[in-house]
Amino acid sequence: MKQLFATLKAARWLELTIAAGLICILLVLALGSGSGDAASKEEVRMQRILSRIEGAGRVSVMISEDGSGGCAGVVVVASGAEDVGVMLRLQRAVQALTDLDLDRIEIVK
């Protein structure tokens with residue numbers, strides 16, 4: 001009987017250790033590393049502006065930074081980007097907002 005209680009006690013300790021580990025993993029996943037899970041303020045602002053362009057539809061923005069914190073490139077995903085006119089308006093707007101060359105701006109559907 002003592003051995004049964006010792007086994008159950010050891011198993012309970014193992015269960016608690018596993019549960020604590022799972023909680024830690026879930027917290028890390030939920031909070032993220034703080035380095036990129038959430039859109040930056042600039043991405044959110046640009047997304048709001050670009051989504052107001054006629055025909056753009058649903059818009060998502062990712063800004064890639066260079067080593068010194070400057071803007072290296074921008075990718076815009078817009079549901080209306082199959083229309084060449086919309087794509088060009090989005091591209092010009094991103095260029096005006098970032099001062100990037102056009103080869104650093106990608107607009108996709």
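Our subject is the structure that appears above.
Nothing here was measured: the structure is a model prediction, and the numbers come from that model.

## What to know about the side chain of Glu43
Reasoning step 1: Note that Glu43 resides in helix 2 (residues 41-51).
Reasoning step 2: Notably, Glu43 is buried but unbridged: the nearest opposite-charge side chain belongs to Arg45, and the N-O separation is 12 Å.
Reasoning step 3: Residues within four places of Glu43 in sequence aside, it is in contact with Val61, Met62 and Ile63.

## Some details on the packing of helix 2 against helix 3 (residues 84-98)
Reasoning step 1: The N-to-C vectors of helix 2 and helix 3 enclose an angle of 145°; their axes lie 10 Å apart at closest approach. Along this stretch, helix 2 crosses helix 3, giving a crossing that reads as right-handed. Contacts between helix 2 and helix 3 involve Met46, Ile49 and Leu50 from the first element and Leu90, Ala93, Val94, Leu97 and Thr98 from the second.
Reasoning step 2: Here the residues of the contact of helix 2 with helix 3 are counted per class, giving seven nonpolar, one polar and no charged.

## Concerning unusual backbone geometry
Reasoning step 1: Positive phi is not limited to glycine here, since Asp99 has a value of about 65°.
Reasoning step 2: Following the sequence through the fold, Asp99 ends up in the loop between helix 3 and strand 3 (105-108).

Cut-off values and rules
Counting starts from 1 at the beginning of each chain's written sequence and moves along it residue by residue. Two thresholds apply to this predicted model, a pLDDT of at least 70 for residue-level local features and 80 or more for giving and counting side-chain atom pairs, whereas whole-chain, interface and lining totals are computed over all residues. For the side-chain quantities, the full set of heavy atoms in the structure was used; hydrogens and water were omitted. A run of DSSP states H or I qualifies as a helix once it reaches four residues; a run of E qualifies as a strand once it reaches two. Both are numbered from the N-terminal end. Buried, partly exposed and exposed residues are distinguished by accessible area as a fraction of the type maximum, computed with a 1.4 Å probe on protein chains only: under 20%, between the cut-offs, and over 50%, respectively. His is not counted, nor are the chain ends, whereas Lys and Arg count as positive and Asp and Glu as negative. A side-chain nitrogen of Lys or Arg and a carboxyl oxygen of Asp or Glu constitute a salt bridge if their distance falls within 4 Å. Contacts were defined at the residue level, with two residues in contact if any of their heavy atoms lie within 4.5 Å. Between N-to-C directions, angles cover 0 to 180 degrees, with each direction set by a line fitted to C-alpha atoms, over the stretch in contact for helices. Should the near helix be turned anticlockwise from the far one by less than a right angle, the crossing is termed left-handed; should it be turned clockwise, right-handed. Three categories are distinguished: nonpolar for Ala, Val, Leu, Ile, Met, Phe, Trp, Tyr, Cys and Pro, charged for Asp, Glu, Lys and Arg, and polar for the others, with Gly belonging to the last.

Purely spatial values, then, with no claim about function.
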